[in-house]
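Observations on the model geometry
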Amino acid sequence: MRILVCVKQVPDTTEVRLREDYTLERDFIAQVMNPADESALEWALQTREKLGGETTVLSMGPERAETTLREAIARGADYAALLTDRRFAGADTLITARCLAAAAKRLGGFDMIVCGRRAVDGETGQVGPMLAALLNIPCVPNVTVAQAGEKLIADQLTEAGVNRWASGYPALLTFCEWSYRLRLPTLSGLRRARQAEIMRLTPDELGLSAEECGIKASPTRVVRVEARPVGVRPCKWMDAEGVMTALMERCPEAMP
Ligand code: FAD
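Below is a summary of the structure that appears in this document. None of the values given here were measured: they were computed from a predicted structure. Sequence order sets the numbering: in each chain, residues are counted from 1 along the sequence as written. Note on the predicted model: pLDDT of at least 70 is required for a residue's local features to be given, and 80 or more for side-chain atom pairs to be given and counted; whole-chain, interface and lining totals, by contrast, use all residues. For side-chain calculations, the full set of non-hydrogen atoms in the structure is used, while hydrogens and water are omitted.

**Details of a nonpolar patch on the surface**
Note that patches include only residues with greater than 30% relative accessible area and no salt bridge, and the join distances are 9 Å for like charges and 5 Å for nonpolar side chains (Val, Leu, Ile, Met, Phe, Trp, Tyr). Residue exposure ignores everything except the shown protein chains as possible cover, and the areas themselves are Shrake-Rupley values with a 1.4 Å probe. Salt bridges, as used here, are contacts in which a Lys or Arg side-chain nitrogen is within 4 Å of a carboxyl oxygen on Asp or Glu. On the surface, M238, V243, M244 and L247 cluster together into a nonpolar patch covering about 310 Å² of accessible area. By the element assignment, L247 lies in helix α8 (residues 240-250). Only DSSP runs of H or I with at least four residues qualify as helices, and only runs of E with at least two residues qualify as strands; both kinds are numbered from the N terminus onward.

Encoded structure:
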C-alpha cells in the first residue's frame, strides 16, 4: 500500500517570545511537527508494517520544514518531499490543498492519504477535506481509529459520539491529535534521516503557474487575528437546509 502523509511544520507555541512591541519574535520559536500529523504518521507506519508498501511524507513550507521531514524519516517514513519556493508562500487553505494535490499526482498517486485533522497555527481543518475533494476521493475527517484491510474502516469522532465509516481505496483520513502515539526515532532511523534525500518540488515541476499558487492565487486573506473571548462560543447549530439558506442570504452571487 502506498501511503502519503501530509505534515505541516508549526511553531511550538510553548516557546513563544515577545518583542518589546509585543509582536512575535519568530526566529526563536522552535518549529515542531503538527501534533495531529504525528497520529497520521504513526497510523501510516503501522499500516505499512501490517500490509507492506511504502510511506511518503509531504510538506509545503519554507526550507526549514526539511527538519520535520527528516524527523519523520528518523521515525520510520521511507521517502520525503518538500514543496518549497517563494511562489508557494502565502497560500490559503484552498491553494495549499491544490499544491498538495498536484504533488500527490506528481509523486505517482497513493492508495491512502492521511493528514492531521487541524494544524495548531491556522487551525481551519480545511486542508485534508479540500485535498480529498480536489483528488475526487472519499474523506473521513476527525478519525480516532482506523483499520486498513480489504476495506478501510474508520471511526470518526463527532459532537454526538462516534460514526463508523467503510470505504474502498484510494481514500483520505484526517486524524485526531494523540489517537496514535508517534514512536520514537531509532538510532538507525536517525542515521538514515541524516543521509536521506529530500525531494524538492517547485511549482514548475508540479505543472502550476505562478498565478495558480501562493498568495496570488489565494481567494482568502487573513486581515486580523484576535483571541476569542473566554467562555463564549459564537456558534449557531443548524441543519444542512439552514446552512444553504444562510449562505443564500449572505452571498447570493456565490450560490448556483
Ligand atoms: P489545517 O487545514 O488545519 O490542516 C489540516 C492538515 O492538513 C494538517 O494537519 C496537515 O496534515 C495538512 N496540512 C496543512 N498545511 C499543510 C502544509 N503546508 N503542508 C503539508 N500538509 C499540510 N487560510 C484560509 O484559507 N482561511 C482562513 O480563515 C485562515 N486563517 C488563518 C488564521 C491564522 C491565525 C493563520 C496563521 C493562518 C490562517 N490561514 C487561513 C492560512 C492557513 O493556515 C494556511 O493556508 C495553511 O496553509 C493551511 O491551513 P491550516 O493551517 O488551517 O491547516
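From this point, things continue past the structure.
**A short note on the site of the ligand**
Close to the ligand lie 26 residues; C6, K8, D37, T96 and T124 are nearest. Whenever two N or O atoms come within 3.5 Å, that pair is a polar contact, provided that in protein one can donate a hydrogen and the other can accept it, and provided that, for residues adjacent in sequence, both atoms are side-chain atoms. Q126 places a polar main-chain atom, nitrogen or oxygen, 2.9 Å from an oxygen atom of the ligand. Alone, the ligand offers 930 Å² of accessible surface; in the complex the protein occludes 82% of this. Residue assignment for the shell around the ligand shows that the elements contributing at least two residues are β4 (54-60), α3 (93-106) and β6 (112-116). Here a residue is considered near a molecule or strand provided that any single heavy atom belonging to it is located within 4 Å of it.

**So, the packing of α3 against helix α4 (residues 127-135)**
Note on method: axes are straight lines fitted to C-alpha atoms, helices fitted across the in-contact stretch only, with angles between N-to-C directions ranging 0 to 180 degrees. Packing of α3 against α4 leaves a shortest axis separation of 8 Å and a crossing angle of 50 degrees. Viewed along their axes, α3 and α4 adopt a mutual orientation that is oblique. When you trace α3 past α4, the crossing you get is right-handed. Mapping the contact onto sequence places T93, L94, T96, A97, R98, L100, A101, A104 and K105 in α3 and V127, M130, L131, L134 and L135 in α4. Class assignment of the residues belonging to the contact of α3 with α4 gives a composition of 10 nonpolar, 2 polar and 2 charged. An angle below 35 degrees is read as roughly parallel, one above 145 as roughly antiparallel, one from 65 to 115 as roughly perpendicular, and any other as oblique. Each crossing gets its hand from how the near helix is turned against the far one by less than a right angle, where anticlockwise is left-handed and clockwise is right-handed. Residues are treated as being in contact if the distance between any of their heavy atoms lies within 4.5 Å. As a working rule, the residues Ala, Val, Leu, Ile, Met, Phe, Trp, Tyr, Cys and Pro are called nonpolar, Asp, Glu, Lys and Arg charged, and the rest polar, with Gly in that last group.

**Some remarks on the pairing of β6**
Only protein chains enter the calculation, and the probe is 1.4 Å; a residue is then buried if its accessible area is under 20% of its type maximum, exposed if over 50%, and partly exposed in between. β6 sits mainly inside the fold: 5 of its 5 residues count as buried. Side chains M112, V114 and G116 of β6 all project onto a buried face; the interleaved residues I113 and C115 project onto the opposite face, where all are buried too. As judged from the 3 bridges shared by strand β1 (residues 2-6) and β6, these two strands associate in the parallel manner. Across the sheet, I3 pairs through a bridge with M112, a residue of β6. Two strands qualify as a pair provided that DSSP identifies no fewer than 2 bridges between them. Taken together, the 5 bridges between β6 and strand β10 (residues 171-175) define a ladder with parallel strand orientation. Across the sheet, G116 pairs through a bridge with F175, a residue of β10.

**A short note on the pattern of salt bridges**
Counted under the stated rule, the structure contains 16 salt bridges. One salt bridge in this structure joins E49 and R183, with 2.6 Å as the shortest N-O distance. Of this pair, E49 sits in helix α1 (residues 35-51) while R183 sits in the loop between β10 and α5 (187-195); the two residues are 134 residues apart in sequence, bridging distant segments of the chain. Judged by its relative accessible area of 24%, R183 falls in the partly exposed class. Sharing partners across several salt bridges, the network here consists of E63, E66, R70 and R200.

**Observations regarding the pairing of strand β9 (residues 161-167)**
Across 7 bridges, strand β8 (residues 152-158) lies against β9 in antiparallel orientation. In the strand pairing of β9, Q156 is matched with N163. A loop of 2 residues connects β8 with β9, the two strands running antiparallel in sequence.

**Some thoughts on the nonpolar core**
The criterion is simple. A nonpolar core is a set of buried Ala, Val, Leu, Ile, Met, Phe, Trp, Tyr and Cys residues joined through side-chain atoms within 4.5 Å. In this structure, V5, L41, W43, V57, V114, L173 and F175 are the most contacted members of the largest nonpolar core, which totals 34 residues. Of all elements in the fold, only β1, α1, α2 (66-74), β5 (79-83), β6, β7 (139-148), β8 and β10 reach the threshold of two or more residues within this core. With 5 residues, α1 is the largest single contributor of residues to this core. Counting 29 residues, the second-largest nonpolar core is a separate cluster that includes F88, C99, A102 and I137.

**Some words on the packing of α2 against α5**
Where α2 meets α5, the axes come as close as 7 Å, and the angle between the chain directions of the two elements is 140 degrees. Of the two elements, α2 crosses α5, and the hand of that crossing is right-handed. For the pair α2 and α5, the contacting residues are R70, I73 and A74 in the first and G189, L190, R192, A193, R194 and Q195 in the second. Taken together, the residues that form the contact of α2 with α5 break down as 4 nonpolar, 2 polar and 3 charged.

**As for the packing of aromatic side chains**
Centres within 6.5 Å make a pair out of two Phe, Tyr or Trp rings, where for Trp the six-membered ring is used; the pair is then stacked when the planes are under 30 degrees apart, edge-to-face when over 60, and tilted otherwise. Applying the stated rule across the entire model yields 2 aromatic pairs. Taken together, a centroid distance of 5.6 Å and an interplanar angle of 35 degrees make the contact between W43 and F175 tilted. Of the two residues, W43 is situated in helix α1 and F175 in strand β10; the sequence distance between them amounts to 132 residues. Overall, F175 belongs to the buried group, its relative accessible area being 0%. For the ring pair F175 and Y180, a centre distance of 5.7 Å and an interplane angle of 85 degrees mean the geometry is edge-to-face. With relative accessibility at 13%, the residue Y180 sits in the buried group. The rings of W43, F175 and Y180 are connected pair by pair, giving a single aromatic cluster. Residue placement shows R2 over the ring face of F110; its charged tip is 4.5 Å from the ring centre. A ring is considered to have a charge above it if a Lys NZ or an Arg CZ atom is located within 6 Å of its centre and within 35 degrees of its normal.

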